[in-house]
Amino acid sequence: QVQLVESGGGLVQPGGSLRLPCAASGFIFSNYGMRWYRQAPGKERELVATITSAGGTTNYADSVKGRFTISRDNPKNTVYLQMNSLKPEDTAMYYCNTRIIRNYWGQGTQVTVSS
């Protein structure tokens, strides 16, 4: 079965960095695009970044452009979200996602940006 497991979240000061890995299993990882979403308390889930199956094309929400980078390592079945220059408004639960007929989600990893 499809499994997505996020990690790497935590508490970081404004201006800091975090790298979130998402380990995938149960499907042919290199055949599918991957996405990172986030959801802050009381807000809707927001698409943060996308990457195509081979990693050749990426897209970002305007709110994270220039600060976040999505990448993938297909031999390791892992997608990453590198987050730099973090702001308090980046505080949220971060989820990785893929769509194989339907959406699959990980359990999420909490990122808190606070001094």
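For the structure itself, look to the data block above.
Residues numbered from 1 in each chain as written. Predicted model: local features only at pLDDT ≥ 70, side-chain atom pairs only at ≥ 80, totals over all residues. Heavy atoms only, no water.

Explain the sheet that holds strand β8 (residues 78-83) to me, and be specific about the residues and the numbers.
If you trace the four strands from one edge of the open sheet to the other, you get β1-β3-β8-β7, paired in antiparallel fashion. Only two strands of the sheet have a single neighbouring strand rather than two, namely β1 (3-6) and β7 (68-73). Looking at each pair of strands side by side, their axes are set apart by 15 degrees on average, direction ignored. Pairing analysis gives six bridges linking strand β3 (residues 18-25) to β8, with the strands arranged antiparallel. Bridge pairing links A23 to T78 in β8. (Pairing = 2+ DSSP bridges. Helix = DSSP H or I, 4+ residues; strand = E, 2+ residues; numbered from the N terminus. Axes fitted to C-alpha atoms, helices over the stretch in contact; angles between N-to-C directions.)

So, the packing of aromatic side chains: which residues are in play, and what are the values?
Going through the model one piece at a time under the given rule, you end up with four aromatic pairs. Considering the side-chain rings of F27 and F29, the 6.2 Å spacing of their centres and the 55 degrees angle between planes classify their relative orientation as tilted. Neither F27 nor F29 differs from the other in exposure class; each is buried. Arranged with centres 6.4 Å apart and planes meeting at 85 degrees, the rings of Y95 and W105 form a pair that is edge-to-face. (Phe/Tyr/Trp six-rings, centres within 6.5 Å; stacked < 30°, edge-to-face > 60°. Buried < 20%, exposed > 50% of the residue type's maximum accessible area, 1.4 Å probe, protein only.)

Could you give an account of unusual backbone geometry, naming the residues involved and the relevant values?
One non-glycine residue, N77, lies in the positive phi region at around 50 degrees. Here N77 lies in the loop between β7 and β8. Positive phi, close to 50 degrees, is recorded for S85, a residue that is not glycine. On the secondary structure map, S85 appears in the loop between β8 and β9 (92-100).

Got a sec to walk through the pairing of strand β4 (residues 34-39)? Specific residues and values, please.
In the case of a regular strand, side chains alternate between the two sheet surfaces. By the criterion of burial, β4 is predominantly enclosed, with five of the six residues buried. Alignment of β4 against strand β5 (residues 46-51), held across five bridges, turns out to be antiparallel. Bridge pairing in β5 links W36 to A49. Here β4 folds back onto β5 in antiparallel fashion, the turn holding six residues, of which G42 has a positive phi close to 80 degrees. In terms of strand pairing, β4 meets β9 through five bridges, oriented antiparallel. Counted as the bridge partner of R38 is Y94 from β9.

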